[in-house]
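Here is what each chain is made of, one letter per residue.
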Amino acid sequence: MSRPTVVAVCGSLRNESHTRKGLQHALDAAAATGGETELLDLRAWDLPVYDADASEAGDADAFTARVREADAVLLGTPVYHGSYATPLKNALDYCGFDEFENKTVGLLAVAGGSFPITALEHLRSVCRALNAWVLPHQAAIPRASDAIEGDATDWRFVDEGAADRVSVLGERAVEYATIEPDPPCMQSTENVGAED
């Protein structure tokens, strides 16, 4: 039996992104649990602002293929104004049912403050509208500058609770990567704009 593939999409463009660090920690846990892993760092992809009339612009075809071929996807975002970041929204706009229907998805939100929950709720709604199977376990890293220390190449968690939550996210992505799909949810059947 082949190892499940887990890709993580990082919604932060910052060089010292705590979101990227958190996703790498989750991917390390996924690999230790038996998954094949890859970080899709949006800094490396040419994804212009989404235009439905140019949905194959830049690296869109290659990016959506990577998401589509994965068994599970981790979505990580910094929290901006109580929601998820524009680069992640833009990347998700290039995707649709072909990439996410019946796919296992895990969610990670990273905040400078103490309340990253609304971003997770917004991402969960988007994923349900695409009929993804969103892991019940989600991970949040509040007060990220206190939870993680070090730079982009040499860092570590100092908040063990946050580290454990993020590790479990990676583990669950592998454990549930091939879960039997549920019938379509109401949100996805009413997502009439997804085909526009």
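Keep in mind that this is a model prediction, so the values were computed, not measured. (Residues numbered from 1 in each chain as written. Predicted model: local features only at pLDDT ≥ 70, side-chain atom pairs only at ≥ 80, totals over all residues. Heavy atoms only, no water.)

Chemist: What should I look at first to understand the nonpolar core in this one?
Modeler: Ranked by internal contacts, the top residues of the largest apolar core, which has 32 residues, are Val9, Leu47, Phe63, Val73, Leu75, Phe100 and Leu107. Listed by contribution, the elements that provide at least two residues to this core are strand E1 (5–10), helix H2 (60–69), strand E3 (72–80), helix H3 (86–94), strand E5 (104–110) and helix H5 (117–129). If we skip the residues at most four places from it in the chain, leucine 75 touches Val9, Leu23, Leu88, Leu92, Val105, Gly106, Leu107, Leu108, Leu123 and Cys127. By size, the runner-up hydrophobic cluster in this structure holds 26 residues, among which are Val6, Ile141, Ala163 and Val174. (Core = buried A, V, L, I, M, F, W, Y, C linked by side-chain atoms within 4.5 Å. Buried < 20%, exposed > 50% of the residue type's maximum accessible area, 1.4 Å probe, protein only. Helix = DSSP H or I, 4+ residues; strand = E, 2+ residues; numbered from the N terminus. Contact = heavy atoms within 4.5 Å.)

Chemist: Looking at this model, I keep getting lost on the side chain of glutamate 99. Mind explaining?
Modeler: One can find glutamate 99 in helix H4 (residues 97–100). Polar side-chain contacts of glutamate 99 include one of 2.5 Å to the side chain of arginine 68. Residues within four places of glutamate 99 in sequence aside, it is in contact with Thr64, Val67, Arg68 and Tyr94. (Polar contact = N/O pair within 3.5 Å; in protein donor to acceptor, adjacent residues only side chain to side chain.)

Chemist: For this particular structure, what's the right way to read the environment of asparagine 90?
Modeler: Inspection of the secondary structure assignment puts asparagine 90 in helix H3. Contacts of asparagine 90, omitting those with residues within four sequence positions, involve Leu47, Pro48, Val49 and Tyr50.

Chemist: Got a minute to help me understand the environment of valine 6 in this structure?
Modeler: Mapped onto the elements of the fold, valine 6 is located in strand E1. With 29 residues separating them along the chain, valine 6 and glycine 35 place their C-alpha atoms 6.4 Å apart. In contact with valine 6, not counting residues within four places along its chain, are Leu27, Ala30, Glu36, Thr37, Glu38, Ala72, Leu74, Ala173 and Val174.

Chemist: Sorry if this is basic, but what is going on with the pattern of salt bridges here?
Modeler: If charged atoms from side chains of opposite charge come close, those side chains can pair. Applying the stated rule across the entire model yields nine salt bridges. In this structure, glutamate 36 and arginine 3 form a salt bridge, with 3.1 Å as the shortest nitrogen-oxygen distance. With glutamate 36 in strand E2 (residues 36–41) and arginine 3 in the segment before E1, this pair connects stretches of sequence that are 33 residues apart. One continuous salt-bridge network, built from bridges that share partners, spans Arg20, Asp41 and Arg43. (Salt bridge = Lys/Arg side-chain N within 4 Å of Asp/Glu carboxyl O.)

Chemist: What exactly am I supposed to notice about the packing of helix H1 (residues 18–32) against helix H7 (residues 160–175) here?
Modeler: For any two helices packed against each other, one specifies the crossing angle of their axes together with the interaxial distance. Across the interface, H1 lies against H7 with an axial gap of 7 Å and an inter-helix angle of 50°. What the angle tells us is that H1 and H7 run oblique. Crossing angle aside, the handedness with which H1 passes H7 is right-handed. Residues Gly22, His25, Ala26, Ala29 and Ala30 of H1 touch H7, and the partners they reach there are Ala163, Val166, Ser167, Gly170, Glu171 and Val174. Its residues assigned to classes, the contact of H1 with H7 comprises six nonpolar, four polar and one charged. (Axes fitted to C-alpha atoms, helices over the stretch in contact; angles between N-to-C directions. Parallel < 35°, antiparallel > 145°, perpendicular 65-115°, else oblique. Left-handed = near helix turned anticlockwise from the far one by under 90°. Nonpolar A, V, L, I, M, F, W, Y, C, P; charged D, E, K, R; others polar.)

Chemist: Mind showing me how you'd approach empty space enclosed by the protein here?
Modeler: It is the rolling of a water-molecule-sized probe over the atoms that shows where space remains empty. One pass over the full model with this rule turns up one cavity of 30 Å³ or more. Approximately 30 Å³ is the volume attributed to the largest cavity. If you go around the largest cavity, the residues you meet are Asn102, Arg128, Asn131, Ala132, Trp133, Asp182 and Pro183. Split by residue class, the lining of the largest cavity holds three nonpolar, two polar and two charged. (1 Å grid on protein atoms, 1.4 Å probe; cavity = no way out; pocket = protein on both sides within 12 Å on 5 of 7 lines; lining within 4 Å. Points joined across faces, edges and corners; volume = space filled by probe spheres on them.)

Chemist: Is there a simple way to explain the pairing of E2 in this structure?
Modeler: In summary, the side chains of a regular strand alternate between the two faces of the sheet. Bridge analysis of E1 against E2 gives six bridges, and the strand direction is parallel. When the sheet's bridge partners are listed, cysteine 10 is paired in E2 with aspartate 41. As a crossover connection, the stretch from E1 through H1 into E2 is right-handed. (Pairing = 2+ DSSP bridges. Right-handed = clockwise from strand over helix to strand, strands pointing away.)

So, to be careful, I would describe these as geometric facts and stop short of saying anything about function.
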